[in-house]
Amino acid sequence: KPHQFWQTQPMPNINEMDKLKPGPIQLGVLAEVRKDPFNLIEKYEWFNVDLRNEEQAQQVYTLLKENYVEDDDNMFRFDYSIEFLRWALLPPGQYADWLVGVRVNQKLVGFISGIPVTLYIENQQNKVKMTEINFLCVHKKIRSNRLAPVLIKEITRRVHIKNMWQAVYTAGIVVPTPISQTRYYHRSLNAKKLIEVGFSSLSARQTISRQQKLYKLPEEPKTPGLRPMKKKDVAQVTKLLNEYLKNFKLYFKYTEEEVKHWFLPRKDVISTYVVEKEQGIVTDFLSFYNLPSQVINNPKHTHLKAAYSYYNVATQTPIVQLMYDALILAKNEGFDVFNALDIMDNEKFLKELMFCSGDGQLNYYLYNWKLEKDMLKPEEIGIVLV
Ligand SMILES: COc1cccc(CC(=N)NC(=O)c2cccnc2OC2CCNCC2)c1
């Protein structure tokens, strides 16, 4: 039924692709935006989640832990921590009513989030203030009550009220109309565990010890001057990042405030390492975020520890060497696997560093915007969603 709902939304559908001109599909009229929330079915009520409140944060954590995205074989489910959710959903400029919950008898049964972003689309002229949507989740027990479309419409209304008319989001499923279909790759760090949890499998000729040898990594990174990012690096990292992202057709521009929020290391959430040369010059940096998955039923392991490639900028260090060091650092931080999409320059290191392609794809979506061409290639995507 998704297509029924999505046909009602300002997303280009196949046959009208060619006659729309690039830019907003529908022009928003602030005066016409509904001032009151959409109606909910009996006993359901809207609830703005305050993630700073421990109890409310616990409610979101538990809803996601038990009901959020699973892999295609329903063997793993994302298990975002509370500290991760605070990082992801309380960035500078956040709006209190963009963390949208639905409750029944004080229990959280539905959620959707938005954060304010400024997205550059296909060139410097199209600098669009919009929302990044994430964490759409409805409790398994009340699926097909058509709650998801209401959550989407309600957060759309709350974004429109702020005079913003576009959104960016990702999804594993294909609904009208992806702007890019990216593929995900994973690099084994702990071969034995990946086999024990069923993430990897052995072919006839492979053995666990052969796999461990194949994916073995040095104890320490190779690049001289590689160290955890500190506050004093913020200005240089901001310059490096903004300069690098201009190479792509879809990217955010970061203030120093935003770089502080998104890149300063947070234990068990985000790891960022910089390469510092003589006189304190920072020439490169790498970053990855911590998103464990619950192993749904496994006698030996409850979780898969996964690091996800975030933003990596290599101006002096070869990208393959920088990412090889990322693998070593992630291994030393205790991760079992390192995941990456084939976006930005990732193709340059995926094969050489022995990443295997995953069985699914991650689709990028832009709400209410027609691109010059219908799709962007993955290597033209310069944004990473968590
Ligand atoms: C291994 O445990 C999993 C638990 C749930 C889903 C998946 C497969 C999957 N859907 N993976 C991704 O979407 C993915 C693969 C590589 C890099 N980033 C990704 O997703 C990120 C970005 C989008 N929001 C979720 C996290 C795997």
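As the structure is a prediction and not an experimental result, all values here were calculated from the model.

1. Considerations on the pairing of strand β3 (residues 99–104)
With respect to burial, β3 is a largely interior element, six of its six residues being buried. Residue alternation in β3 divides its side chains into two sets, L99, G101 and R103 and V100, V102 and V104, and both sets are buried. Sheet topology note: the β3/strand β4 (residues 107–121) ladder contains six bridges and is antiparallel. Directly across from L99, in β4, lies its bridge partner S113.

2. As for the side chain of R158
As for its position among the elements, R158 is in helix α4 (residues 147–160). Residue class for R158 comes out buried when judged on its relative accessible area of 6%. Side chain to side chain, R158 and N48 meet in a polar contact 2.8 Å long. Discounting chain neighbours no more than four positions away, the residues touching R158 are W46, N48, D97, W98 and V100.

3. So, the nonpolar core
Membership of the largest hydrophobic core comes to 78 residues, with the highest contact counts inside it found for F263, Y289, Y310, Y311, L366 and I383. Tallying contributions element by element places β4 first for this core, with seven residues. Sequence-distant contacts of F263, that is, excluding residues within four places in its chain, are made with M229, L241, Y254, I270, T272, F285, S287, Y310 and Y311. Grouped together as the second largest cluster of nonpolar side chains are 27 residues, F5, I112, L151 and A171 included.

4. Some points on the pattern of salt bridges
The full count for this structure, using the stated rule, is 22 salt bridges. A salt bridge links R77 to E70; its shortest N-O distance comes to 2.7 Å. The class of R77 is buried, set by a relative accessible area of 10%. One salt bridge in this structure joins K377 and E380, with 3.8 Å as the shortest N-O distance. Look at K377 and you get partly exposed, because its relative accessible area is 46%. Among the charged side chains, a salt-bridge network with shared partners connects E54, E83 and R86.

5. Notes on the environment of Q211
Counting through the fold element by element, Q211 comes out in helix α6 (residues 208–214). Judged by its relative accessible area of 11%, Q211 falls in the buried class. Taking C-alpha positions, Q211 is 9.7 Å from I195, a pair spaced 16 residues apart along the chain. Setting aside anything within four residues of it in sequence, one finds Q211 in contact with A191, I195, L202 and Q206.

6. Concerning the site of the ligand
Around the ligand sit 18 residues in total, of which F76, Y184, S293, L385 and V386 are the nearest. With respect to the ligand, the side chain of S293 contributes an N or O atom lying 2.9 Å from an oxygen atom.

Reading guide: rules and limits
Residues numbered from 1 in each chain as written. Predicted model: local features only at pLDDT ≥ 70, side-chain atom pairs only at ≥ 80, totals over all residues. Heavy atoms only, no water. Buried < 20%, exposed > 50% of the residue type's maximum accessible area, 1.4 Å probe, protein only. Helix = DSSP H or I, 4+ residues; strand = E, 2+ residues; numbered from the N terminus. Pairing = 2+ DSSP bridges. Polar contact = N/O pair within 3.5 Å; in protein donor to acceptor, adjacent residues only side chain to side chain. Contact = heavy atoms within 4.5 Å. Core = buried A, V, L, I, M, F, W, Y, C linked by side-chain atoms within 4.5 Å. Salt bridge = Lys/Arg side-chain N within 4 Å of Asp/Glu carboxyl O. Near = heavy atom within 4 Å.

Interpretation in functional terms is not warranted from these geometric data alone.
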